[in-house]
Amino acid sequence: VNFTSKTDSGLDLTFRYDIGAVGSTDGGNLTIDEASLAIAGGFGKVVLGMDDDAGDAYNIDEMDLIAEEPSATMASSSISLNSSISSDDAMKVAYHLPAMGGLTAGVSHTDRSAAGGTDTTSYGAKYAMDAAGASITLGYAAVNDENSTQDVDMENMGMKIVSGDISLILSQGSYEANDEDRDNSGGSISYKMPNGMTVGAFVFKSEDDKDVGEEYTANGAEIQYNIASGLKATITVVDYDYKITATNHESSNTTADSGTMTQLTIGASF
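Residue positions within a chain follow its written sequence, with the count starting from 1. Only residues with pLDDT of 70 or above have their local features reported here, since the model is predicted, and side-chain atom pairs are shown and tallied only from 80 upward, although totals for entire chains, interfaces and linings are computed over all residues. Note that the side-chain values use all heavy atoms of the structure and ignore hydrogens as well as water.

Here we look at the overall build of the protein chain
And then number 1: Helix and strand definitions follow DSSP, with helices as H or I runs of at least four residues and strands as E runs of at least two, each counted in order from the N terminus. Within the protein chain one finds zero helices and 15 strands.
And then number 2: Our radius of gyration is a C-alpha quantity, and the globule rule it is checked against amounts to 2.2 Å times the number of residues to the power 0.38. Against the 2.2 N^0.38 benchmark of 18 Å for 270 residues, the protein chain shows a C-alpha radius of gyration of 20 Å, consistent with a compact globule.
And then number 3: On the principal axes, the C-alpha backbone points of the protein chain span a range of 65 × 60 × 50 Å.
And then number 4: Residues classed as buried in the protein chain amount to 32% of the 270 residues present. Three labels apply to residues, based on accessible area from a 1.4 Å probe with only protein chains included: buried if under 20% of the type maximum, exposed if over 50%, partly exposed otherwise in between.

Following this line, the structure appears as C-alpha cells:
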C-alpha cells in the first residue's frame, strides 16, 4: 500500500507499507516486508525505514530482460545464480542524488549496532545516454557488509542497450566472503515481435576457485505472449550445469548437478 502527499513547500512524500506471508504452507503468518518513508525534492530523495539497499536501484544484470526467473537449487551449494548484488529490507537510511543529465546515484547505510551485528553500506550509480540511435545505460552497484569475521563484498557492473524492439544486456559481478571468491558474468537479449510476442534468451557463468572449487553455467530462453488485455502467458526453459572443480574440504554434501527446467506462468493485471 502506497500513501502519497505533497507539502506546501513542494516536497513529495511517499509512505510504503508491504506485508507478506511467512512459511511454505497455507496460512503462514503475515509479516512486514517493507515500511518506509521517502521524501523527494530538488535536493534528491531521502528514504527512511525498511526498504531496499540503495545499490539495488542501480544494479543491471542479465536477468533484467527475463520476465520469469526459475533458478536451480543445488544441495549445500553457495555458488551465485546470477550477477546481481543482494539486497535486504533492514532498517536503514538512503539518499539518492537528483538526476544530473543522464547520471543518477545513491547510497544507503544499515547500522546493526548490537553485538555481532553487521553494518551494511550500499551504493551505486547509473549513466544513460543516446548513441547511434540506441539508448545506452551503464550501471554500477556495490554492497559491503562489515562483520567480526570477514567482510562480505558484492559488486555488479552492467550495460544495457536498447535499439528499437531489441534490447541487450552484458553484466559481470563478484562476491567475496569467508571461503568465497566468485566471479560472475552473463548476458541476455530480448526482441519484441510485431505480433505482440516477446522472445528472450540469456547465458550466465559463475566460478569460485577458493577452497571449494565450484562452477555453475546456465542458459535459457523465454517466450512472452499477450493472450488478451491484462492477461499474459510466459514460457521459460533453463538448462544448467553445476560442477565441483576441486576437493571439497567444507561440506561432504556438496555434489555436482545438472538439469533442465521448464516453467509456465500466467499473469493477470487489473
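Re the nonpolar core
And then number 1: Grouped together as the largest cluster of nonpolar side chains are eleven residues: Met63, Ile66, Ala72, Ile79, Phe202, Phe204, Tyr216, Ala218, Val238, Tyr240 and Tyr242.
And then number 2: Every element with two or more residues in this core is listed here: strand E12 (198-208), strand E13 (214-228) and strand E14 (231-244).
And then number 3: Any two residues whose heavy atoms approach within 4.5 Å at even a single point are treated as in contact. When neighbours within four sequence positions are excluded, Ile66 is seen to be in contact with Gly200, Ala201, Phe202 and Glu222.
And then number 4: The criterion is simple. A nonpolar core is a set of buried Ala, Val, Leu, Ile, Met, Phe, Trp, Tyr and Cys residues joined through side-chain atoms within 4.5 Å. The next biggest cluster of nonpolar side chains, apart from the first, holds seven residues, and it includes Ile85, Ala141, Met154 and Tyr175.

Describing a nonpolar patch on the surface
And then number 1: Exposure above 30% relative accessible area and no salt bridge define the residues that can form patches, which grow by joining like charges within 9 Å and nonpolar side chains of Val, Leu, Ile, Met, Phe, Trp and Tyr within 5 Å. Each accessible area is a Shrake-Rupley result for a 1.4 Å probe, and residues are judged covered by the shown protein chains and nothing else. Any carboxyl oxygen of Asp or Glu within 4 Å of a side-chain nitrogen of Lys or Arg constitutes a salt bridge here. Side chains of Val1, Phe3, Phe15, Tyr17, Ile19, Leu30, Ile32, Leu37, Leu48 and Val93 sit close together on the surface and give an oily, nonpolar patch of about 890 Å² of accessible area.
And then number 2: Broken down by secondary-structure element, the contributors of at least two residues to the nonpolar patch are strand E2 (12-22) and strand E3 (29-41).
And then number 3: In this structure, Phe3 sits in strand E1 (residues 2-6).

Focus: the layout of surface pockets
And then number 1: Of the volumes computed, that of the largest pocket is approximately 280 Å³.
And then number 2: A 1.4 Å probe that fits into a set of points on a 1 Å grid over the protein atoms alone but cannot get out defines a cavity; an open set with protein on both sides within 12 Å along at least five of seven lines defines a pocket, and lining residues are those with an atom within 4 Å of a point. Contributing to the lining of the largest pocket are 16 residues, with Lys45, Val47, Asp51, Asp52 and His96 lying nearest its centre.
And then number 3: Of all the elements in the fold, those that place two or more residues in the lining of the largest pocket are E2, E3, strand E4 (44-50) and strand E5 (91-96).
And then number 4: When residues in the lining of the largest pocket are grouped by element, the largest group, three residues, is from E5. Grid points are joined across faces, edges and corners, and a volume is the space filled by probe spheres set on the points.

Considerations on the environment of Tyr17
And then number 1: Inspection of the secondary structure assignment puts Tyr17 in strand E2.
And then number 2: In the structure, Tyr17 is positioned 19 residues away from Ser36 in sequence and 6.9 Å away in space, judged by C-alpha atoms.
And then number 3: Residues contacting Tyr17, with those up to four places away along its chain left out, are Val1, Ile32, Glu34 and Ala35.

What about a negative patch on the surface?
And then number 1: Positive charges come from Lys and Arg alone, negative charges from Asp and Glu alone, with His and the N- and C-terminal ends not counted. Lysine's charge is taken at NZ, arginine's at CZ, aspartate's at CG and glutamate's at CD. Negative charge collects at one region of the surface, where Glu146, Asp151, Asp153, Glu176, Asp181, Asp183 and Asp209 lie side by side.
And then number 2: For Asp209, the position within the fold is in the loop between E12 and E13.
And then number 3: Asp209 gets classed as exposed once you look at its relative accessible area, which sits at 63%.

Section: empty space enclosed by the protein
And then number 1: Throughout the structure, instances matching the rule amount to one cavity of 30 Å³ or more.
And then number 2: The volume enclosed by the largest cavity comes to roughly 80 Å³.
And then number 3: Met63, Glu69, Pro70, Ser71, Leu81, Asn82, Phe202, Tyr216, Ala218 and Val238 together form the lining of the largest cavity.

So, the pairing of strand E7 (residues 119-131)
And then number 1: Two strands qualify as a pair provided DSSP detects at least 2 bridges between them. In terms of strand pairing, strand E6 (residues 103-110) meets E7 through eight bridges, oriented antiparallel. Across the sheet, residue Thr110 finds its bridge partner in E7, namely Thr120.
And then number 2: Connecting E7 to the antiparallel partner strand E8 (residues 134-146) that follows it, the hairpin turn spans two residues, and Ala132 within it adopts a positive phi of roughly 55 degrees.

Notes on the packing of aromatic side chains
And then number 1: In this analysis, rings of Phe, Tyr and Trp, with Trp reduced to its six-membered ring, are considered paired at centre separations within 6.5 Å, and the interplanar angle assigns stacked below 30 degrees, edge-to-face beyond 60, and tilted for intermediate values. Under the criterion given, the structure shown has four aromatic pairs.
And then number 2: Where Phe3 meets Phe15, the ring centres are 6.4 Å apart and the plane angle is 35 degrees; that geometry is what we call tilted. Taken together, the residues Phe3 in strand E1 and Phe15 in strand E2 connect sequence positions twelve residues apart.
And then number 3: By relative accessible area, which is 32% here, Phe15 ends up partly exposed.
And then number 4: Arranged with centres 6.4 Å apart and planes meeting at 40 degrees, the rings of Tyr123 and Tyr140 form a pair that is tilted. In this pair, Tyr123 sits in strand E7 while Tyr140 sits in strand E8, placing the two residues 17 residues apart along the sequence.
And then number 5: What makes Tyr140 partly exposed here is its relative accessible area of 27%.
And then number 6: In this structure an aromatic cluster arises from ring pairing among Phe204, Tyr216 and Tyr240.
And then number 7: Note on criteria: charge over ring means Lys NZ or Arg CZ within 6 Å of the ring centre, with the direction from the centre no more than 35 degrees off the ring normal. Cation over ring: Arg182 sits above Tyr175, and NZ or CZ is 4.0 Å from the ring centre.

Overview of the side chain of Glu215
And then number 1: Structurally, Glu215 can be placed in strand E13.
And then number 2: There is no salt bridge for the buried Glu215, and the closest opposite charge comes from Lys205, which lies 4.3 Å off by N-O distance.
And then number 3: If we skip the residues at most four places from it in the chain, Glu215 touches Lys205, Ser206, Glu207, Asp241, Tyr242, Lys243 and Thr245.

That is the geometry; function is a separate question.
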